[in-house]
Each structure stands twice: as structure tokens, then as C-alpha cells.
Amino acid sequence: MKQAVKIEFGDFQTPLALAKEVCSLLVQKGVKAQAVLEPTCGVGAFLSAAAAAFPKARLLGWDINPDYVKQTKSALKESGVGKRASVSVQDFFVHDWEAELVEIRGSILVLGNLPWVTNATVSGMNGSNLPAKENFQGFRGIEARTGKSNFDISEWMLIRLVKALRGRSATIAMFCKTGTARKLLRFAWQNDGRIAAASLYRIDAKKHFGASVDACLLLATTGQAGPAEAKVFDDLSAKRAAATLGLAGQDLVYDIRTYRRLKHLEGLCPYQWRSGVKHDCASVMELRRSNGHGLQNKLGEHVNVEQDYLFPLLKCSDLANGRIEPQRFVIVTQRRVGEDTSAIKKKAPRTWRYLDSHRILFEARKSSIYSSRMPFALFGIGDYAFAPWKVAVSGLHRTPRFALIGPVDEKPVLFDDTCYFVPFQDEYEARVVAEIMNSEECKEFLTSLTFTDSKRPITVELLQRLNIRALAEDCGLAGEWAASRNRGVHYAEQPASMQAEFVMERPAA
């Protein structure tokens, strides 16, 4: 199969040995199946494995690829189970799954390996392997424009199957990205998907599929509502769960047991966490010292600009590794979103000429947040970005490390949009909050909330759940924090519509 087609269809065929291991697990778990369905059967590894594991079950398979359907039919016929098998060409996205399932009698097992590709990847290739356009996740406004509306095709497909099975007793056993499995469970638990029980079994996607993603076998039974939690096992042969994820209010947490013990530490954070500046033009906007003399951009060009719009910059790798002395600089063209940038031309003509010489790169920025805006516009910028003191953390690293950051050469330090921070005018308050955030109590609570395999383990939403008052009491800093609050000058909160998180998507496997 050509690489482009493989990517569009998320085509990662399941090795037969792995399919057999899954079916063996299902038998050990006591799963019964009078009908085995594989909605995207590919070359039929799961149907072949299920034929042996469930010797009396009907075998039903579909795939959009006629060649795969032909191969699957041939394999089942050769193994002597062709008479109880039905495999046909079908587009998952247009098939009437409710009508299909209502005709099937007895216990149902839906298993397989759905496409490992995002809608953004397929759209970017001008591909057609997509469901009809709909905002099924319910995102609105800027959230739908800055990445949150991107989703794995398998997420849409799993939700489609759960909806079709609602009220019907069945077992689902599907390989998918671990994040996709969690999203499906969250959707089902919040929307009466009637998940009676669920568990996740991690797999080595690199070994089995050559895909550098966190993946798992999602195992769920449907038909009635059960507890909104799922055990997580380290591999298919594990006997004891490594953790139990669950739904806490409207959010999933990694360790529901620890969360319940520390639930008093959750609340509405009195500070507004912010994301760093977003420009999507690092090759031009981010500069470094060149051999101790002058500045150089990522294009290798020597840059001569005024200091007015130049600020020290820290990135997520700096914060995560304790590097708090900035080695980079960023050109900041605005003090607030939407500000007219034409003043740069008069106030800092060298800066304007430099930016203008790379105008084509700015105009090539794909995000719609820059459309119809001022030249060289930024996002994630406001008065808070220029606060002298900040407590900051990387959004991309598994272990949160909160850094106290002060001004450098009388200029505030800025962060890129992979970082989150709280701004402070008062150094003492910033120091107290940094100590609270780095306390063992805070670390344990954050660990219970955080999914370390996520693209961004740390998010604004997660940080806003921290009850600083309760954390201060638990770690013995209640008096210091109260005193700091009385002397601090605090920033007014920005409207929620301007606080959307910028989600970074890893390239689809």
C-alpha cells in the first residue's frame, strides 16, 4: 500500500499473533460471543483469531478496501470457517450500524483495530476517509479553532458504535490510542453510553505496529451503566492493575483512588493560569546570541533590531530542566491581542524592516486565529505577560516542575505557548506560591490527576483545579500565603473566550 494511502486510512494491520493473544484474554475473562463483528477488518487477523477462540460464533467483517475483503474471505475459507463468515465491502462512515446490530441475535463481541489517524491529518492530505462534518465534541468559538476540535477518526467511530449498541449487552475489544480510549469512556460516562465495566491494557505500539504512540486494548462491556472508572493494566498479561482511572465530576483523573483521598485539594484556583505567547513563526521571532556578539535567528541570519520589542524567552524544556536564565529572546509585536502593529514602523524601524522582510512566513501561518489580523500579530498576549514575577511550568513534560521567574535586565521574561504561568507584581507572593506548587502534597495530587501519556500532561484546566488555600494548609504555608495575598497586586481575569488552550498535535502515526 502506498504510504499516503496508508496514512489517510490509518492502516496499521494487526499481527495475527497479537490478535490471538487478545482473543485468549477475552476467553480468560469469560467473554461469550454468538456473533463476532470486526467493523474494519483489514486482512482479517482478528476474525481468524476469533474463529478459533469462539468456535460457534458467526464471523462478520467489513472493510472499505476490496482487496482486504478478498484476502479475509480467502483466509477464513482456508481455515475451514468460511461457512459461518460473512465479509463485505463497506464504508464505516455511511453504514447504518443500528440497523445492522438490531438484526443480530445473541451475545455480541465487537473487536478490531480502528484507523490510527486524526481528522486534521486526513483533511490536510485532502483525503476523503472522514465522517460527515460535525462538531460532535461540542467545542465552540476559539476552542474549535485552536486545535481542540481535532480528533482521532477512531474516537468518532467508537462513539458511533457505542451509540449503536446502547441498551444492548455486548463486549467491545478495540486497539486504539490510549488517549482515544479515555475520550470514548468519558463520552460514554457523561452521555449515558451504558458502559457496565471497562479496562485498558497497554500495548507496545512500536513493537507491533511501528507506531510511536501510546496505545492500548480497550475492553468494555455495554448494556447498563456501571461505575465510571476503569482499571489500567501495563500489558495484556498483567494480573494486577497499575492504576484505576475514573470520572471526577466532568473530568477524568488518572488515579481515582488517590484523587478521592485528596479531593479536598481541588477547588477553584484563586489565580488565573495563562499560556505563553503564540506566534507560530519561531524561525523569525525567536533569536539567540551569536557567539556572544549580536543576534541570530533560526534561519541562520544575523539580526539587528531595537531593544523595544525584544524580551528574554524561556521554553518548556528550559522550565522542565531547571534552566531559568534565558538564552533566547522573542520579538513581541503587541501588548494585547488585536493591537495595531503599525507603530513599530516608526518607533523601531529596524525591527519593522526585519519582520517585513519575512512577511511571507507570517502570511503562511495556518492557524485561523491570525486571519484578518494585524501584520505580525501574536496570540496569548496581554498585560499579564509583562508582569515582573511569574510562577511557570512546562505543559509538555510528565513531571511538573514549577519555576520562580523574575525579570532579567529589568525586562519581564516571556514564555512560549508550551508553558503555563501565573503573573505576579510582588516577589514575595510569587515565592510563596512557587513553594506551595512544588510541595509534596501538590505533587501527589497532580499525579492523581495527570495522564502522562497525553500530548500535554499539564493543562490550564488542570491547574485551575488546584485549591491553593487547601494546599497551603496541608504543606504548612497557610500563614505565609495569607500574608502574601494581603500585600500582592493581582491581575484582573481575562474573559474565558481568550483563555483557550493551544493544543499541539503530534504527527499522526
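Attention here is on the structure that accompanies the text. Fair warning: this is a prediction, and the values are worked out from it, not measured in the lab.

Turning to the packing of aromatic side chains, a few remarks are in order. The full count for this structure, using the stated rule, is 18 aromatic pairs. Centroid distance Y384 to F421: 6.1 Å. Interplanar angle 40°. Geometry classified as tilted. Separated by 37 residues along the polypeptide, Y384 in the loop between α15 (359-363) and β17 (389-394) and F421 in strand β20 (residues 419-424) bring together distant segments of the chain. Overall, Y384 belongs to the buried group, its relative accessible area being 5%. Sitting over the ring of Y370, R365 keeps its end group 3.8 Å from the ring centre. Positioned above the aromatic ring of F421, the side-chain terminus of K390 is 5.9 Å from the ring centre.

Next up on the list: the nonpolar core. Core analysis: the largest hydrophobic core is formed by 43 residues, its most contacted members being L37, V110, L158, L185, W189, L200 and L218. Counting residues per element, this core draws most heavily on helix α7 (residues 153-165), which supplies nine residues. When sequence neighbours within four positions are dropped, the list of residues in contact with L37 reads L60, W62, L101, I104, I108, L109, V110 and L111. Counting 40 residues, the second-largest nonpolar core is a separate cluster that includes V36, V69, V81 and V87.

In contact at an axis separation of 9 Å, α7 and helix α8 (residues 178-190) are set at 35° when each is read in the N-to-C sense. The crossing of α7 and α8 is right-handed. Of α8, the residues touching α7 (which contributes S154, E155, L158, I159, V162 and K163) are T180, K183, L184, F187 and A188. Partitioning the contact of α7 with α8 into residue classes produces six nonpolar, two polar and three charged.

The four strands are arranged β11-β20-β17-β18 in an open sheet whose pairing can be described as antiparallel. A single partner strand is all that each edge strand has here, and the edge strands are β11 (274-275) and β18 (403-405). Sheet analysis places β17 next to β18, joined by three bridges and oriented antiparallel. When the sheet's bridge partners are listed, K390 is paired in β18 with I405. Across the sheet, helix α16 (residues 427-437) touches β17, β18 and β20, and the angle it forms with β17 is around 25°.

The next thing to look at is the environment of N467. Considering the arrangement of structural elements, one finds N467 in the loop between α18 (460-463) and α19 (468-474). C-alpha separation for the pair N467 and Y271, spaced 196 residues apart in sequence, amounts to 9.9 Å. Dropping the residues within four chain positions of it, N467 is found in contact with H264, L265, E266 and G267. A polar contact of 3.2 Å, which involves the side chain of N467, links it to the backbone nitrogen of R469.

The rules behind each value
Residues numbered from 1 in each chain as written. Predicted model: local features only at pLDDT ≥ 70, side-chain atom pairs only at ≥ 80, totals over all residues. Heavy atoms only, no water. Phe/Tyr/Trp six-rings, centres within 6.5 Å; stacked < 30°, edge-to-face > 60°. Helix = DSSP H or I, 4+ residues; strand = E, 2+ residues; numbered from the N terminus. Buried < 20%, exposed > 50% of the residue type's maximum accessible area, 1.4 Å probe, protein only. Lys NZ or Arg CZ within 6 Å of the ring centre and 35° of its normal. Core = buried A, V, L, I, M, F, W, Y, C linked by side-chain atoms within 4.5 Å. Contact = heavy atoms within 4.5 Å. Axes fitted to C-alpha atoms, helices over the stretch in contact; angles between N-to-C directions. Left-handed = near helix turned anticlockwise from the far one by under 90°. Nonpolar A, V, L, I, M, F, W, Y, C, P; charged D, E, K, R; others polar. Pairing = 2+ DSSP bridges. Polar contact = N/O pair within 3.5 Å; in protein donor to acceptor, adjacent residues only side chain to side chain.

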